[in-house]
Each structure stands twice: as structure tokens, then as C-alpha cells.
Amino acid sequence: MTANRRPLRSRQTGWAQTLATLLARRRISPDSISAASLVFAALGCAALMLWPSQTGLARVAILLAAAVLIQLRLLANLLDGLVAVEHGLGRTAGPIWNELPDRIADVLFFLGAGYGARFAGVGWAADLGWLTAVLALLAPYVRELGRGLGMAADFSGPGAKPHRMTALTLTCALSAAAAISWATAPGLIMSAGLAVISALTATTIVRRTLHLARWLAARSET
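A brief look at the structure comes next. All of these numbers come straight from a predicted model, not from anything done at the bench.

Calculation rules
- All residue numbers here refer to positions counted from 1 along the written sequence of the relevant chain.
- Thresholds applied to this predicted model are a pLDDT of at least 70 for local features of residues and 80 or more for the giving and counting of side-chain atom pairs; totals over whole chains, interfaces and linings are not thresholded and use all residues.
- Where side-chain values are given, they derive from all heavy atoms of the structure, hydrogens and water being excluded.
- Helix numbers and strand numbers start at the N terminus; a helix is a DSSP run of H or I with at least 4 residues, a strand a run of E with at least 2.
- Expected span of a helix: the number of residues minus one, times 1.5 Å.
- Exposure is judged per residue with a 1.4 Å probe applied to protein chains only, and the accessible area is read against the type maximum: over 50% gives exposed, under 20% gives buried, and values in between give partly exposed.
- Residue contacts follow a heavy-atom distance rule, with two residues in contact if any of their heavy atoms lie within 4.5 Å.
- Ring pairs are drawn from Phe, Tyr and Trp, using the six-membered ring of Trp, whenever the two centres fall within 6.5 Å, and their geometry is named by plane angle: stacked under 30 degrees, edge-to-face over 60, tilted for the rest.
- Detection works on a 1 Å grid of protein atoms alone, calling trapped sets that fit a 1.4 Å probe cavities and calling open sets with protein on both sides within 12 Å along at least five of seven lines pockets, with lining residues defined by an atom within 4 Å of a point.
- Grid points are joined across faces, edges and corners, and a volume is the space filled by probe spheres set on the points.
- Here, axes are lines fitted to C-alpha atoms. For helices the fit covers the stretch in contact, and angles between N-to-C directions go from 0 to 180 degrees.
- By the definition adopted for this analysis, an angle is roughly parallel if under 35 degrees, roughly antiparallel if over 145, roughly perpendicular if from 65 to 115, and oblique otherwise.
- We call a crossing left-handed when the near helix sits turned anticlockwise from the far one by less than a right angle, and right-handed when that turn is clockwise.
- Residues are grouped as follows: Ala, Val, Leu, Ile, Met, Phe, Trp, Tyr, Cys and Pro are nonpolar; Asp, Glu, Lys and Arg are charged; all remaining types, including Gly, are polar.
- Buried Ala, Val, Leu, Ile, Met, Phe, Trp, Tyr and Cys residues that are joined via side-chain atoms within 4.5 Å together make up what is termed a nonpolar core.
- Pairing of N or O atoms within 3.5 Å defines a polar contact, subject to two protein rules: one partner must be a possible hydrogen donor and the other a possible acceptor, and residues neighboring in sequence count only if both atoms are side-chain atoms.
- Any cysteine sulfur atom paired with another within 2.5 Å is treated as part of a disulfide.

Right, let's get into helix H2 (residues 30–50). Here H2 contains 21 residues, and its C-alpha end-to-end distance of 30 Å stays within 8% of the 30 Å for a straight helix at 1.5 Å per residue. For H2, every residue scored as buried is listed here: Pro-30, Asp-31, Ile-33, Ser-34, Ser-37, Ala-41, Gly-44, Cys-45, Ala-47 and Leu-48. Contacts made by the buried residues of H2 are with helix H1 (14–25), helix H3 (56–86), helix H4 (94–119), helix H6 (161–179) and helix H7 (185–221).

Turning our eyes to something else, we now look at the packing of aromatic side chains. This structure, assessed with the given rule, holds one aromatic pair. Between the aromatic rings of Tyr-115 and Phe-119, the centroid separation amounts to 6.3 Å while the plane-to-plane angle is 45°, which identifies the pairing as tilted. Taken together, the residues span about one helical turn, with Tyr-115 and Phe-119 both in helix H4 at a distance of four residues. Judged by its relative accessible area of 23%, Tyr-115 is partly exposed.

Our next topic: empty space enclosed by the protein. Scanning all chains against the criterion turns up two cavities of 30 Å³ or more. There is about 40 Å³ of room inside the second largest cavity. Together, Arg-6, Arg-103, Ala-139, Pro-140, Arg-143, Ala-160, Lys-161, Arg-164 and Arg-208 line the second largest cavity. The set of elements that each furnish at least two residues to the lining of the second largest cavity consists of helix H5 (125–148) and H6. It is H5 that provides the largest number of residues to the lining of the second largest cavity, a total of three residues.

Another point: H5. End to end, H5 covers 35 Å across 24 residues, agreeing with the expected 34 Å (1.5 Å per residue, within 8%). Immediately beyond the C-terminal end of H5, within one or two residues, lies Gly-150, with a positive phi of roughly 105°.

Below, the discussion takes up the packing of H2 against H3. Contact geometry of H2 with H3 gives a least axis separation of 8 Å together with a crossing angle of 165°. As summarised for this structure, H2 and H3 are arranged roughly antiparallel, according to the angle between their axes. The interaxial crossing formed by H2 with H3 has left-handed handedness. Of the residues in H3, those in contact with Pro-30, Ile-33, Ser-34, Ser-37, Phe-40, Leu-43, Gly-44, Ala-47 and Leu-48 of H2 are Ile-62, Ala-66, Leu-69, Leu-72, Arg-73, Ala-76, Asn-77, Leu-79, Asp-80, Val-83 and Ala-84. A class-by-class count of the residues in the contact of H2 with H3 yields 14 nonpolar, four polar and two charged.

Glancing now at the packing of H4 against H7. Two quantities define a packed helix pair, namely the angle between the helix axes and the distance between the axes. Following both chains from N to C, one finds H4 and H7 inclined at 140°, their axes separated by 8 Å at the closest point. For the pair H4 and H7, the crossing hand works out as left-handed. For the pair H4 and H7, contact is made by Phe-110, Ala-113, Gly-114 and Ala-117 and by Gly-187, Met-190, Ser-191, Leu-194 and Ile-197, respectively.

Another point: the nonpolar core. Ranked by size, the top nonpolar core spans 30 residues in total, and within it Leu-48, Phe-109, Phe-110, Met-165, Leu-168, Cys-172 and Met-190 carry the most contacts. Other than its neighbours up to four places away in sequence, Phe-110 contacts Gly-129, Thr-132, Ala-133, Ala-136, Arg-164, Met-165, Leu-168, Leu-194 and Ile-197.

With that out of the way, let us pick up the environment of Arg-26. Note that Arg-26 resides in the loop between H1 and H2. Here Leu-22 takes part through its backbone oxygen, which lies 3.2 Å from a polar atom of the side chain of Arg-26.

A few words now on the state of the cysteines. Going through the model one piece at a time under the given rule, you end up with zero disulfides. The thiol sulfur of Cys-45 is not disulfide-bonded, and the nearest other cysteine sulfur, from Cys-172, lies at 12 Å. By relative accessible area, which is 0% here, Cys-172 ends up buried.

And the structure:
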């Protein structure tokens with residue numbers, strides 16, 4: 001698992017270490033924490049799809065809740081690795097729980113954002129949500145393809161998972177702010193955010209593919 005571990009500065013922060021220690025002392029398995037990330041993603045998907053049915057402060061609250069749920073998903077992703085590696089509670093199925101929930105969570109968030117914007121009146125937003133979800137699956141696929149061929153895990157951006165989730169969090173926050181005074185703006189902002197995330201993720205796929213191609217070429221010359 002350590003060979004496929006994303007480099008994160010937050011992993012060394014005191015608050016993250018403290019939370020991981022508390023979870024480890026309670027013998028909460030990293031697989032359970034990974035499963036919790038799926039719960040956050042499912043709730044986030046629901047929030048992203050339901051906000052158009054609300055008005056006023058309720059709409060703002062649901063959009064802000066979606067932003068919080070995105071960050072809770074990232075927090076679970078951070079803590080599962082800390083509990084597994086630093087506290088030695090990793091299990092044999094850990095590599096599955098480390099990867100598969102992430103892929104499902106990405107799809108849930110982006111489809112929720114796309115369909116939510118569609119329900120808000122942006123007819124093509126659902127297609128954009130699907131596109132973003134597919135790209136979010138392809139980026140880690142290229143990374144794992146490289147690992148399968150013997151290359152070190154490539155976590156480069158600009159559309160890696162933390163970048164995608166940060167952009168979606170910001171999109172939710174901007175949509176919530178716009179919802180206060182302009183009822184039709186959140187759907188447009190959500191669609192624009194998905195377009196930006198798609199572009200960043202597509203760039204990441206190209207970059208990782210080029211890195212892999214160069215690595216393969218260098219290996220063939222040795």
C-alpha cells in the first residue's frame with residue numbers, strides 16, 4: 001500500500017495524527033473508514049441533486065452541506081491510510097478498500113453535480129457530469145496501468161483527486177453564495193465548475209500518459 005500512497009502534506013499535521021491515533025485506539029479499521037467515505041459520497045450526491053428543489057436559505061444550506069460532505073470524504077481518505085500504515089491496522093483487503101470506494105465516490109459526486117444542475121435548468125449539465133465522471137475514472141486508471149508495468153505511482157495533476165474535490169467544493173460554495181441573490185445562477189456555476197474539472201482531469205490523463213510513455217521508452221533503452 002505504501003508504494004501506492006499519495007504524497008500529502010496534511011498527513012503530517014498534528015490534527016490528522018491526533019484523529020488517526022484516536023481511531024486506532026478504538027480499533028476502528030481503515031476499511032471501515034474507507035466505507036464511511038462512500039456514505040459521505042452518497043449523501044453528497046443526494047445533496048447535489050436535491051438543492052434545485054429547495055428555495056432560499058434551504059437551497060444555500062444544502063449546497064454548503066454538499067461542500068462539507070466532499071471534504072469529509074477527503075478526510076476519510078486521509079485517515080484510512082494513516083490508521084492502516086502508521087498504526088499498523090491494515091488488513092489483507094486493504095488495497096481494495098483503498099481504491100474502489102474512491103472510484104465510486106468520484107462518480108457519485110460528479111453525477112450528482114451534473115444532474116443537479118440539469119434539474120436547475122441547464123439541460124446539458126447531466127452529460128457534462130457523465131463526462132467528468134468518466135475522466136475521473138480514467139486518470140487513476142492510467143496511474144494503475146503504469147504501476148502494473150513497473151512504474152512508480154504517478155499522482156501528478158492538475159486534476160488529481162484532491163484537485164478535483166477542491167474544485168468541486170469551491171463550486172458548491174460559489175453556487176451557495178450565488179443562490180442567495182440569483183436563483184438561476186447556481187446551476188450555471190455548477191456546470192462551469194464541472195467543465196473546469198473535466199478540463200483539468202483531461203490534462204492530467206494526457207500528462208500521466210506522456211510520463212508513462214517516456215518511462216517505457218527510457219526503460220527500453222537500458
